[in-house]
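Chain by chain, the residues:
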Amino acid sequence: RRDQVLARHRAAAVEQALAIRLSEAELAGRRQGLQAAQAQDGPRLQAGAGVARVREPLTDTAVRRYERSQAQVGLRWPLLGSREAAERVVDEADVALALAQLQADEAQALVRLQVRRSYLELVAARQRAAVAQAWLQAQPAVAQALARREATGLLLGADRLAYQTQADTVERDLARQDVIARAALRELQ
């Protein structure tokens, strides 16, 4: 049962953790950067076209009107330095993508570790609280037995006060474990 609860908390944390979502967004951006760099590498076809309406005066009274159009088509092939620069951009984008993947994996590992740590803190705090509660439930019967021993002279009053001090310490520890358990539960949620 505990393994199922821990697995549920891990799955929810991996899905909802801000650090993971940010690292995944960074990873997606790096993927797009690599695709853009790869698209810029290699030959590129260029084309352009234009149409112009021209009004050319011939004399003071005569104007010639016509339309002029042009088109250009070209193929751009990277050579020498431009080729190396394009390859360097692709390599840098590839390295950035690999680094972003590592950061995303690290963010997931850290979130899982924190979930596990918080869950263990919660379980341990609840177990310590249960032990303290069981000890405190036995305290009234023990206090009566100690009072009887003190009345018969088998126990010193200082020893009974020491036991009472121990009970106060356990109550304080119980309250501390409750605070730890609530903090761990809040972090898990």
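Everything below is about the structure shown above.
A few points on the structure. (Residues numbered from 1 in each chain as written. Predicted model: local features only at pLDDT ≥ 70, side-chain atom pairs only at ≥ 80, totals over all residues. Heavy atoms only, no water.)

Digging into the nonpolar core
No. 1: Counting residues in hydrophobic clusters, the biggest one holds 16 residues, and the most contacted among them are Ile20, Val111, Val115, Tyr119, Leu122 and Leu188.
No. 2: The dominant element in this core, judged by the number of residues it contributes, is helix α3 (residues 80–152), at seven residues.
No. 3: The residues touching Leu188, leaving out its near neighbours within four places in the chain, are His9, Val115, Ser118, Tyr119 and Leu122.
No. 4: The next biggest cluster of nonpolar side chains, apart from the first, holds eight residues, and it includes Leu34, Val90, Ala93 and Leu97. (Core = buried A, V, L, I, M, F, W, Y, C linked by side-chain atoms within 4.5 Å. Buried < 20%, exposed > 50% of the residue type's maximum accessible area, 1.4 Å probe, protein only. Helix = DSSP H or I, 4+ residues; strand = E, 2+ residues; numbered from the N terminus. Contact = heavy atoms within 4.5 Å.)

Some remarks on the packing of helix α1 (residues 2–16) against helix α2 (residues 18–40)
No. 1: Here α1 crosses α2 at 45°, and the two axes come no closer than 5 Å. As summarised for this structure, α1 and α2 are arranged oblique, according to the angle between their axes. On α2, the residues that touch Ala13, Val14, Glu15 and Gln16 of α1 are Leu18, Ile20 and Arg21.
No. 2: For the contact of α1 with α2, the class distribution of residues is four nonpolar, one polar and two charged. (Axes fitted to C-alpha atoms, helices over the stretch in contact; angles between N-to-C directions. Parallel < 35°, antiparallel > 145°, perpendicular 65-115°, else oblique. Nonpolar A, V, L, I, M, F, W, Y, C, P; charged D, E, K, R; others polar.)

Quick look at the side chain of Gln139
No. 1: Mapped onto the secondary structure, Gln139 falls in helix α3.
No. 2: By relative accessible area, Gln139 is classed as buried at 14%.

What to know about the pattern of salt bridges
It is possible for side chains bearing opposite charge to pair when their charged atoms get close.
No. 1: Summed over the entire model, instances satisfying the criterion amount to five salt bridges.
No. 2: Ionic pairing is found between Arg176 and Asp173, a salt bridge with its closest N-O pair at 3.0 Å. Remark: Asp173 and Arg176 occur in helix α4 (residues 157–188); sequence separation between them is three residues, near one turn of the helix.
No. 3: Across the pair Arg182 and Asp178 runs a salt bridge, and its minimum N-O distance is 3.3 Å. Here the residue Arg182 and the residue Asp178 both occupy positions in helix α4, the gap between them amounting to four residues, near one helical turn.
No. 4: By relative accessible area, Arg182 is classed as partly exposed at 47%.
No. 5: With relative accessibility at 39%, the residue Asp178 sits in the partly exposed group. (Salt bridge = Lys/Arg side-chain N within 4 Å of Asp/Glu carboxyl O.)

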